[in-house]
Every structure is written in structure tokens, then in C-alpha cells.
Amino acid sequence: MIDRAGLAEFLRRRRESLQPEDVGLPRGQRRRTTGLRREEVATLCHISTDYYSRLERERGPHPSEQMIASIAQGLHLSLDERDHLFRLAGHNPPTRGATSEHISPGLLRIFDRLTDTPAEIVTELGETLRQTPLGVALTGDLTRYQGPARSIGYRWFTDPATRALYHPDDHALHSRVFASGLRRTVTLRGPDSWAAHLQRLLLDRSEEFRSVWSEHEVGIRYNGVKRFMHPEIGALELTCQILLDPDQAHSLLVYTAVPGSESYEKMQLLSVIGTQHIALSS
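Read on for an overview of the structure. (Residues numbered from 1 in each chain as written. Predicted model: local features only at pLDDT ≥ 70, side-chain atom pairs only at ≥ 80, totals over all residues. Heavy atoms only, no water.)

### Observations regarding the side chain of Lys266
In this structure, Lys266 sits in helix H12 (residues 262-281). Of the residues examined, Lys266 reaches a relative accessible area of 17% and is grouped as buried. Of the polar contacts made by the side chain of Lys266, one reaches the backbone oxygen of Ile233; its length is 3.3 Å. Filtering out sequence-adjacent residues up to four positions away, Lys266 remains in contact with Ile233, Gly234, Ala235 and Leu236. (Helix = DSSP H or I, 4+ residues; strand = E, 2+ residues; numbered from the N terminus. Buried < 20%, exposed > 50% of the residue type's maximum accessible area, 1.4 Å probe, protein only. Polar contact = N/O pair within 3.5 Å; in protein donor to acceptor, adjacent residues only side chain to side chain. Contact = heavy atoms within 4.5 Å.)

So, in C-alpha cells, the structure goes:
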């Protein structure tokens, strides 16, 4: 059963404890609200302000599990807080660990401050959960995919368009890295895991994957540099730094260019192009 009073109080307390800068929002002038405004929380949670306001007023429909998950992420809740929110809403909390898509508050706080660089948060199977605006400008919106295609490793072997973004000379290495990473995850998570399901799909659908998989390579990695082929600004050579959240098996990938390099200049152009695209789509 939903605890409407407890749910409303918990949401109010968490909203009031957050400041705009805690969640990557501008503070603005003449701010009088303690914590976040309801409309700001609604934006973070991708729901209407009216819907969220009714929850805080102990009214409205019974929120779905998907809605509660979105609110938990928008409010930057810890796993314990997320589980508590689910129980207040009358739902069983989702599982934790490798299959969880709830991003930890600490990782989100770092991500929210990366306003001037391409970055993304991904699962251990390369499923993109969040991207910065410059991340979208660099690779396109990778959060739009559904099902197996959410994994970049799966798309690499099944969708030729995925490869167009990367330098042709590096395609063979990408194939080895993706196959090697999937092998590690299948071994780690077991034959009944989603990783094992992706393995079976790829063995059935990709001759190249079958060939690379048969090599039984493990531990194949990039050298820290990735070469992109952007459709508007051309070749880019970017360093990829990775921050790992071991509790959730999520990684924060941050792409930077060497100052003064040609790629650095192109990144400045990319920031302008990305802003223009956002303005046109809004």
C-alpha cells in the first residue's frame, strides 16, 4: 500500500535539502525558495510540475515503478533512499548491482559539473544512461536506443552506421575491445545474465563477431585515445578518462583534447555547433 503522507514528506524533505548547483542547475537571481523549486524537480525527473506537486500534496494517481525510478534519479537519491522511496510508494525496490541503472549521487554530482566537455555515464555493457550536451554533439543521442541495441558493442556488430563515427583504421581494435569486454562480463555475471543473452544474439547475427569471439581474447583495451570522425568537423583525436563506480558497475567517460592541438580547436567549434543544435531543437 502507498504511504501518501510519508511519500509526500520524504519528497519535500529531499527537495528542500538540494540546491540548484547540487544537480547542475543555475541558481539565478532573487532566489527565495529553500532548496529546489517543484518545477525544477519536475524537469529533473522528466515529469509535469502538476504531477509532482500532487505527490507532495498527498494526491494524484498511484505512481508507477518507472515514475518512482525517475523521481529517485532526479532527486539524486542514494540507493538506500531510493529503496525507501519505492517502499513508500508501495513498490518493491529494484535490484542493486550490475543490472541497476540508478546512478549514484556522487557520480551524478561530478557529471553535472562537466558542462564544457563531452561525457557520458555507461553500464558495463556500454549502455549509455546519461550524456552531457557536448557528448550528444559528439556522438549523437545514445540514450535513445532500446533493447539489445542499447549496448554499443551490440550495435557495433549489427548496425554499420555505428562505425561511421570512428576512424576506419581503428575498427578492428574496436571489435576486439567489445568482444573482449563482453567475454569478461559474461564470465563475471554468468550464463543467465543479460550479457550472455547479448553474446548469444551476436553469435547468431554477426559473422565478424563469431570470428573475433573465437579468438578468446581477454583484457583488450584502448591506449587512452579514441579517434572520431564527426560528420561536421571531421577527424578528432580525444583522450578518454574513465571513472568507475564499482558498486553500480557504471563508468563515467570524459573526452578531452590536448590544448593547442587541432582537435582542441575543433572541440571549441563543436561546442558552438552543439549549442546551435540545442537552440534549434528547443
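### Describing the layout of surface pockets
Considering only enclosed or pocket space, the largest pocket measures out at about 1500 Å³ in volume. His46, Gln73, Ile103, Leu129 and Arg130 are the residues nearest the centre of the largest pocket, which is lined by 38 residues in total. Elements that contribute at least two residues to the lining of the largest pocket include exactly helix H2 (38-45), helix H4 (65-74), helix H6 (105-112), strand S2 (128-131) and helix H7 (133-139). When residues of the lining of the largest pocket are assigned to their parent elements, the largest contribution, six residues, is made by H4. Class assignment for the residues of the lining of the largest pocket results in 14 nonpolar, 18 polar and six charged. Considered as a void within the structure, the second largest pocket measures approximately 1200 Å³ in volume. Lining the second largest pocket are 47 residues, and of these Thr123, Glu124, Val177, Gly181 and Ile242 sit closest to its centre. Those elements that provide at least two residues to the lining of the second largest pocket are strand S1 (119-122), helix H8 (152-158), helix H9 (171-189), helix H10 (194-205), strand S3 (225-230), strand S4 (234-245) and strand S5 (250-256). The leading source of residues in the lining of the second largest pocket is H9, at eleven residues. Of the residues contributing to the lining of the second largest pocket, the split by class is 27 nonpolar, 13 polar and seven charged. (1 Å grid on protein atoms, 1.4 Å probe; cavity = no way out; pocket = protein on both sides within 12 Å on 5 of 7 lines; lining within 4 Å. Points joined across faces, edges and corners; volume = space filled by probe spheres on them. Nonpolar A, V, L, I, M, F, W, Y, C, P; charged D, E, K, R; others polar.)

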